[in-house]
Amino acid sequence: MGMLSLAIWTPIAFGVVLLALGNDEQAKASRWVAFIGALVSFLITLPLYGQFDTTSAAMQFVENAPWIERFHINYHLGLDGISFWFVLLTAFINLVVVIAGWEAITSRVNQYMGAFLILSGLMIGVFCALDGMLFYVFFEATLIPMYLIIGIWGGPNKIYAAFKFFLYTLLGSLLMLVALIYLYTQSNGSFELSTWYALPLGKTAQTLLFFAFFAAFAVKVPMWPVHTWLPDVHVEAPTGGSAVLAAIMLKLGAYGFLRFSMPIVPDASHEWAGMMIALSLIAVVYVGLVAMVQQDMKKLVAYSSVAHMGFVTLGFFMFNQIGMSGGLVQMIAHGFVSGAMFLCIGVLYDRVHSRQIADYGGVVNTMPKFAAFALLFSMANCGLPGTAGFVGEWMVILGGVKFNFWIGLIAASALIFGAAYTLWMFKRVYLGAIGNDHVKELLDINAREFLMLALLAGAVLYMGVYPKPFTDVMDASVAQLLKQVAVSKLN
Amino acid sequence: MIDKLSWITAYPEMILIVMACVIALMDLGVKTPLRGATYGMTLATLAVVAALEAAYASEGATYYGFGNMVVSDAMGNWLKCFAAIAVMVTLVYGRPYAGQRGMLRGGEIFTLNLFSLLGMFVMISGNNFLVLYLGLELLTLSAYALVALRRDNAVATEAAIKYFVLGAMASGFLLYGMSMLYGATGTLDITAVFKAVSSGQLRHQVLIFGLVFIVAGLGFKLGVVPFHMWIPDVYQGAPTAVTLMIGGAPKLAAFAMTIRLLVEGLLPLANDWQQMLMLLAIASLLIGNLAAIGQTNIKRMLAFSTISQMGFVLIGLLAGVVSGQPIATANAYSSSMFYVVSYVLTTLGTFGVLLLLSREGFESEEIADFAGLNQRSPLYAGVMAVCMFSLAGIPPMVGFYAKLSVLQALIMPGDTASLSLAVFAVAMSLIGAFYYLRVVKVMYFDAPITASTVVAGSDVRVVLCINGALVLVLGLLPGGLMALCSHAIQQMLGT
C-alpha cells in the first residue's frame, strides 16, 4: 500500500471501526480512539514532506491500479506541488477538530468522531485523485458525512441548512458529472486527467465544459453569487463542522479550478477569466462589506471566508506565477485562520450558547489567555504581516498589480474592509467593560482548548514568518500549470 | 422427441415446479405458526436453483431448447440466479411480518412465491411470444393471489382488484400486440420474427401497430409513465412483504422480457421503439420524481421512486440504439442490466428495514415512522441510509455507478439531443435526492417517536447486514458485477 493510500484509508478505517463498535455508553473510549486515529493519520502524512522533491513538477508518490475496468477507471493517486499541502492541512485540521469536539459533543460521540475521520480521508482522496471519476467519487462522497454532521449536531435550523448544503452542492457536481462523461467519450474512453490535459477540444465544447466545472467548483468555493448557502450552513453547523467546512471543504472547489478547469479547457479559462476576476472582486469588496454588518459571529466569519476565497480565485485567474502561488498560499493560510476563527467562536459558544456579538463584551477580562489567541487569529484574518493571512493576500495583490494596476488597487483596498469587520468584531466581543453576567462568569480555556488553539497559532505564525517551505513546494508545479494553460487546445 | 440439450435448459424450472408442489403438500403437516419446515425447504430449493443458474451462467453457453421455444443464455441465467436470490431474501424479510398478520395460516405464500418465480424464469428464458406470455401470466396470477392473501384486509383486497384489472388489461395489450406481429410475420418464434422483420418486406404500419401495443404492455409491467397508475396503489395497499415481492425480483424478469421482445425480436424496428421509450423515460423521470416529493407514505414514495428509476433503465435501453456500433450497444444494454440488478438489491434492503419496523398490529408505512431510527438502532438506520443514498445516486454506493453507466451509454460525442437528455436526467435525480434525503433526515435528525428497540430474528439480521454491506461494497468495487453484465449482454447480442 502506497503512502497516499495509507493517508486516505487510515482515517476511514478508524472511522468505520468507531461507527461499527462504538455506542453511547463508551463515549470516552470513542474519543480516545478518534484521537489516536486522527493523530496516526496526521503522523503518516508527515514523511511525505521529507520525500517530496520540490524541484519536480511531476506527480509524486504515484499509485496506479485498475479499479473499474469496464470504464477504464483507475485508482490513480499522486501529489504535485499544488495538491501537496492540502493533504497535510486536511490531516492537521482533522486532528484539531477531534480535539475541539472532545467535550462539546456528548451525544452519539462515536458517530460524530467517525464522520469526521471518514470525511478527512475522503477529502485527502479528492486532493490525491488523478483520475476524473475517482476525484468525483471522493468529491461527492464528502457530502454524506457533512450532511449528517450538520443535521445531527447542528443548531436549531439545522435541517434547512443540511438540505441546502447537500442539494446546492449536488446540483453543481451533477453538471460536472455530465462534463466528465462527455470528456470520457471524447477521449475514447479514458478518465485519466493526463489524457484530458492533452485532449484537443473545440470552442463550444470548451465553453460548455468550463461552465459545467464552474457550476461544481464555484458553488463549492463559494464564489459570489452562489455563496448564499455558506452563511446559512455555517451558522447551523456544529463548531467542528464549520471548521472543516471553511478550512478544507471550500478548498476542494478552488483546487478543482486548478486541476480541472484550467488545464482541460485552457482557452475557455482565458476567455472567461474576465468574468472570474470580476466575480472574485465582487466577492472581495461587496461580501466584505456584507460581513461588516453581521450580528452573528459565525455569519461574519462565513462572509469573511467568501471574501478571502475571492482572493484565491482572483489570484488563479490572472494567470501569473505570483498570483497563482499567492492564491494557493492564501488557501492554506485561510485553512488555518478560518478554522481557528470558528474554533474560537466554538469556545465561546460552548460557554454562553450564543453567537450574537451583542451578547458579549469584555471577554478579555475573564478569559485573558483565550483573548490573546483570538487577537492573533483576528490579526491573521485581517492579513497582518507576520501572520499567515498576510503572505497570500500580499502575493495576490502583487500578482494583481502586475496583471492590471486597477485590479491590484481594488484588491488591496479590500484589505481595509477585512481589517474593519474583523477588528470591529474583536472590539465588540473581547474589549471594553464586561458586558453582562454571562461574560462575568466565564472560565478561561482549559488545557485541551489551549492545546488546540496553540497548534493553530503555531501554524499561523510559522507560515507568516517563514512561508518559504510552502511556496517552494508549489513553484515548479505552478510554473508547469501556467505553461500548460498558455498552450491553446483549439487546433 | 425432446433432445437432451432441451432438458438442460429446463432443470431449474423443473426443480421449482416439483418443489412448489411438494412444499404445498408437505405444508399440510406443518403445525408451527411460522412454518419453519416449509420455509427452510423453500429457501433450500431457491438456493439450489440459484446455484444451478449461476453454474450455467458461468459456463456461458447458449442453448435453445424445446424447438426453440426457450433459450438458456448467460444473461438469462444470471438474471434467474439474481431473481431466485431476491425471492429468497424477500421470504427471509417477509416471514415474520407475514406471520404476525395471519398470512402464514397456510403455506400458500411459499408455494405462490415459487410459482411466481417460475413465471419469472419462463419470462426470462422465453424465446417465443406465447411462452413469454405464459410466463408473465404465471407470475402475475401468483402475484394477484399474494396481494389478496390478507383477504380480510380491505386495503389489500382493493389493491388486489386494482392490480388484477390493470394487470389483465396490460396482458391484453401485450397479447394483442403479439397477435398483430404474428399476423404480419406468421411466426411466434422470436428468432424467426427477427428474421422476418429485418427482411424489410413486411408492411411497416402493421409492425408499428403491433409494436405500440407491445411497448404499452411492457410499460405496464415495468411501471413507467403513463402506464404507472397501478404502482402507487398496489405498493401501498399490498402487505409490505408482498410489495417487496412485486417490486423486487419481477423487475429483473420484466427487463429480460423487454430485451427479448424489443432487442432480440424487434431490433430492426429500433428507431421506432427508441422514440417511444424516450418519451416513456422522460415522462417517468419527471412524474416519478415530482410525485414522490409529495408523499408522506413511504410505500407510495418508494412506488414513485421505482417509476423514476425505471425511467433510467429505459434510458439505457434506448441509448443502445443511437450509436449503432455493436460495442456501444452492448454497453448500453449492459448498463441497463446493471441498473436493474443494483436497483433490486437496494430495494430489497429498503423494504427489509421497512418490514422490520412493522410490528404486530402496527404497520410502518409513514415516513414519520422512521423518526429517530438512528437512536433506536444505528445498524438498521445505517442500512436504510446506505440504500437511500444509493437510490439517490450518491457515490460510493452502487446506485451511483448504475446512473454513471447509463449516462455514459447515453452521451455520444457531438449529439446534443443525448446530451440534453442526460442533463435532464441529472436534474431529475437532483429532485430525487431531495426525497431520499428526507428519509435520512427523518432517521437521523428527528427525535424518535418510540423508544422501543428494533428486534429482528437472526436470519433477518444477517441477511439485512449482508444486503446493506453489498450496496456499499458493490459501490466501492463495482467492476465485477459490471463485467458480468457486460459479458452476458455481449454474448446475448452475439458480438
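None of these values were measured; they are calculated from a predicted model.

Let's shift gears to the overall build of chain B. Assigned secondary structure in chain B consists of 20 helices and two strands. Rg of the C-alpha trace for chain B: 21 Å, near the compact-globule value of 23 Å for 495 residues, within the 12% margin. In terms of overall dimensions, chain B has C-alpha extents of about 70 × 55 × 40 Å along its principal axes.

Our focus in this paragraph is the overall build of chain A. Within chain A one finds 22 helices and two strands. Taken against the 2.2 N^0.38 rule, which gives 23 Å for 491 residues, the C-alpha radius of gyration of chain A at 21 Å falls within 12% of a compact globule. Overall, chain A is about 70 × 55 × 40 Å in size when its C-alpha atoms are taken along their principal axes. Taking all 491 residues of chain A together, 62% fall into the buried category. A sequence separation of at least 24 residues applies to 81% of the contacts in chain A between residues at least 6 apart.

All names here are of chain A. At a minimum axis separation of 11 Å, helix H11 (residues 239-264) and helix H14 (residues 297-316) run at an interaxial angle of 20°. On the basis of their axis angle, the class for H11 and H14 is roughly parallel. For the pair H11 and H14, the sense of crossing is right-handed. Between H11, through Ser242, Ala246, Leu250, Ala254, Phe257 and Leu258, and H14, the contact on the second element is made entirely by Lys298, Ser305, Met309, Val312, Thr313 and Phe316. Split into classes, the residues belonging to the contact of H11 with H14 amount to eight nonpolar, three polar and one charged.

Residues and elements named next belong to chain B. One can find Ser171 in helix H6 (residues 154-185). The exposure class assigned to Ser171 is partly exposed, which follows from the 18 C-beta atoms found within 10 Å. Placed 311 residues apart in sequence, Ser171 and Met482 show a C-alpha to C-alpha distance of 32 Å. When sequence neighbours within four positions are dropped, the list of residues in contact with Ser171 reads Leu136, Glu137, Thr140 and Gly217.

With 25 residues of chain B at the interface, the matching set in chain A holds 28 residues. Elements with a contribution of two residues or more to the side of chain B that touches chain A: helix H17 (398-410), helix H18 (416-445) and helix H20 (479-493) of chain B. When residues of the side of chain B that touches chain A are assigned to their parent elements, the largest contribution, eleven residues, is made by H18 of chain B.

What follows deals with the nonpolar core. Ranked by size, the top nonpolar core spans 408 residues in total, and within it Val460 of chain A together with Ala83, Val147, Ala253 and Met384 of chain B carry the most contacts. Beyond its immediate chain neighbours, meaning those up to four positions away, Met384 of chain B contacts Thr350, Val353, Leu373, Val439 and Met443 of chain B.

Residue and element names in this part refer to chain A. Checked against the element boundaries, Trp153 lands in helix H6 (residues 143-153). Residue classification places Trp153 among the buried residues on the basis of 24 C-beta atoms within 10 Å. C-alpha separation for the pair Trp153 and Thr239, spaced 86 residues apart in sequence, amounts to 9.3 Å.

Our focus in this paragraph is unusual backbone geometry. Here the bond from Trp224 of chain A into Pro225 of chain A is cis, since omega is 5°, no more than 30 degrees from zero. You can see Pro225 of chain A is positioned in the loop between helix H9 (203-220) and helix H10 (229-236). Here the amide bond leading from Val225 of chain B into Pro226 of chain B is cis, since omega sits at 5°, within 30 degrees of zero. Counting through the fold element by element, Pro226 of chain B comes out in the loop between helix H8 (204-222) and helix H9 (230-237). At His72 of chain A, a residue that is not glycine, the phi angle is positive and equals roughly 55°. Residue placement: His72 of chain A occurs in the loop between strand E1 (60-68) and strand E2 (73-79). In this structure, Phe319 of chain A is a non-glycine residue whose phi angle is positive, near 55°.

Let us now look at helix H2 (residues 36-59) of chain B. All names here are of chain B. For H2, built from 24 residues, the straight-helix expectation of 34 Å at 1.5 Å per residue is met to within 8% by its first-to-last C-alpha distance of 34 Å. Listing the buried residues of H2 in full gives Thr38, Tyr39, Met41, Thr42, Thr45, Leu46, Val49, Ala50, Glu53, Tyr56 and Ala57. The first or second residue beyond H2 is Gly60, which carries a positive phi of 80°.

It is worth spelling out the pairing of E1 of chain A at this point. Residues and elements named next belong to chain A. Two elements, E1 and E2, share six bridges in a ladder whose sense is antiparallel. If you follow Glu63 over to E2, its bridge partner there is Leu77. A loop of four residues connects E1 with E2, the two strands running antiparallel in sequence, and His72 in this loop sits at a positive phi of about 55°.

A few words now on the packing of helix H4 (residues 108-125) of chain B against helix H5 (residues 129-147) of chain B. Residues and elements named next belong to chain B. In contact at an axis separation of 7 Å, H4 and H5 are set at 155° when each is read in the N-to-C sense. Considered as vectors, H4 and H5 are oriented roughly antiparallel to each other. Of the two possible hands of crossing, H4 and H5 adopt the one that is left-handed. Of the residues in H5, those in contact with Ile109, Leu112, Phe115, Ser116, Leu118, Gly119, Met120, Val122 and Met123 of H4 are Val131, Leu132, Leu134, Gly135, Leu136, Leu138, Leu139, Ser142, Ala143, Ala145 and Leu146. Looking at the contact of H4 with H5, its residues break down into 16 nonpolar, four polar and no charged.

Residue-level pLDDT values for chain B average 88, and 97% of them are 70 or greater. Interface confidence for the predicted complex, expressed as ipTM, amounts to 0.90; the pTM equals 0.92.

Residue and element names in this part refer to chain B. Along the polypeptide, Ala216 turns up in helix H8. Assessed through the 20 C-beta atoms surrounding it within 10 Å, Ala216 is described here as buried. The residues contacting Ala216, other than those within four sequence positions of it, are Phe173 and Phe227.

About the criteria used
- Residues numbered from 1 in each chain as written.
- Chains lettered and ligands numbered in written order.
- Predicted model: local features only at pLDDT ≥ 70, side-chain atom pairs only at ≥ 80, totals over all residues.
- Helix = DSSP H or I, 4+ residues; strand = E, 2+ residues; numbered from the N terminus.
- Rg over C-alpha atoms; globule rule 2.2 N^0.38 Å.
- Buried ≥ 20, exposed ≤ 12 C-beta atoms within 10 Å, placed from the backbone.
- Contact = placed C-beta atoms within 7 Å.
- Axes fitted to C-alpha atoms, helices over the stretch in contact; angles between N-to-C directions.
- Parallel < 35°, antiparallel > 145°, perpendicular 65-115°, else oblique.
- Left-handed = near helix turned anticlockwise from the far one by under 90°.
- Nonpolar A, V, L, I, M, F, W, Y, C, P; charged D, E, K, R; others polar.
- Core = buried A, V, L, I, M, F, W, Y, C linked by C-beta atoms within 7 Å.
- Expected span 1.5 Å × (residues − 1).
- Pairing = 2+ DSSP bridges.
- pLDDT = per-residue confidence, 0-100.

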